[in-house]
Amino acid sequence: MAGLLPAFLAVGATSSILEMTPPIRGLALASLRDMFEEIHNGHPHEAIDILEPRGTPVRAVVSGTVRKLFLSTPGGNTVYQFDEMGMYCYYYAHLDGYAQGLREGMRVERGDVIGFVGSTGNADSRAPHLHFAIFELGPEKLWWKGKAVDPYPGLVAAVKRAK
Ligand SMILES: [Zn+2]
């Protein structure tokens, strides 16, 4: 255990995690379950799955930059988005597709639609969902190499603020 506080609380008020809005409009608390430490497909999940109908718009949770659009075998269509400070990377996976015109290096504002819920990659086609993760970036700011942070407390707070 690395202390009692989640990393994002230890970072303080500069953390973009504290300013997130929900990735799905109208998201209910009941749709969130802390599955960060579960094992999925033999790997630590280190993310939250949010089940939604296919095609539901997925929105940027913070303002920042689209760092990478990546087609991954497990993740399918994915977006790696950096926050303004380049401190955290927000990861959205299994997307059915990207918002029209979305491209790497592009600025997005919190709440902008970046893609749509789907089941690309290794997701069950009968259970489309958003796989959402947060990575704390190291000094090199490499999109593929961050330290996973549990998104659950930040998502719960975002949903409560959105009410
Ligand atoms: Zn997942």
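Details of the structure are given in the entry above.
Please read all numbers here as calculations on a predicted model, not as lab measurements.

Let us now look at the sheet that holds strand 8 (residues 97–98). Overall, antiparallel pairing links the three strands, which are arranged 4-10-8 in an open sheet. Only two strands of the sheet have a single partner each, and these edge strands are strand 4 (57–59) and strand 8. As defined by bridge partners, strand 4 adjoins strand 10 (residues 113–116) across three bridges and the pair is classed as antiparallel. When the bridges of strand 10 are listed, Val58 appears paired with Gly115.

Quick look at the environment of Ser15 now. Secondary-structure assignment places Ser15 in the loop between helix 1 (7–11) and strand 1 (39–40). Residue Ser15 is classed as buried on the basis of its relative accessible area, which comes to 0%. Residues Ser15 and Met85 lie 70 residues apart in sequence; the distance between their C-alpha atoms is 8.8 Å. A polar contact is formed between the side chain of Ser15 and the backbone nitrogen of Ile17, at a distance of 3.1 Å.

Here we come to unusual backbone geometry. The backbone phi angle of Glu46 is positive, close to 50 degrees, even though this residue is not glycine. Looking at the element boundaries, Glu46 is found in the loop between strand 2 (43–44) and strand 3 (48–51). On the basis of relative accessible area, Glu46 is assigned to the partly exposed category, the value being 34%. Of note, the phi angle at His94 is positive, near 65 degrees, even though the residue is not glycine.

Turning our attention to the nonpolar core. Counting residues in each nonpolar core, the largest one holds 31 residues, and the members touching the most others are Met20, Tyr90, Tyr92 and Phe132. Breaking this core down by element, the ones donating at least two residues are strand 3, strand 5 (64–72), strand 7 (88–95), strand 11 (129–137) and helix 2 (152–162). Leave out the neighbours within four places in its chain, and Tyr92 touches Val58, Arg59, Ala60, Val61, Asn77, Thr78, Val79, Gln81, Ile114, Leu130, His131 and Phe132. Grouped together as the second largest cluster of nonpolar side chains are 12 residues, Tyr80, Ala93, Ala133 and Leu137 included.

Right, let's talk about the packing of aromatic side chains for a bit. In total, this model carries seven aromatic pairs according to the counting rule given. Ring centres of Phe70 and Trp143 lie 5.4 Å apart, and the angle between their planes is 50 degrees; this geometry places the pair in the tilted category. One end of the pair, Phe70, is in strand 5; the other, Trp143, is in the loop between strand 11 and strand 12 (146–149), with 73 residues separating them in the sequence. Residues Trp143 and Trp144 carry aromatic rings whose centres are separated by 5.5 Å and whose planes lie at 80 degrees to one another, so their mutual orientation is edge-to-face.

Thresholds applied
Residues numbered from 1 in each chain as written. Predicted model: local features only at pLDDT ≥ 70, side-chain atom pairs only at ≥ 80, totals over all residues. Heavy atoms only, no water. Pairing = 2+ DSSP bridges. Helix = DSSP H or I, 4+ residues; strand = E, 2+ residues; numbered from the N terminus. Buried < 20%, exposed > 50% of the residue type's maximum accessible area, 1.4 Å probe, protein only. Polar contact = N/O pair within 3.5 Å; in protein donor to acceptor, adjacent residues only side chain to side chain. Core = buried A, V, L, I, M, F, W, Y, C linked by side-chain atoms within 4.5 Å. Contact = heavy atoms within 4.5 Å. Phe/Tyr/Trp six-rings, centres within 6.5 Å; stacked < 30°, edge-to-face > 60°.

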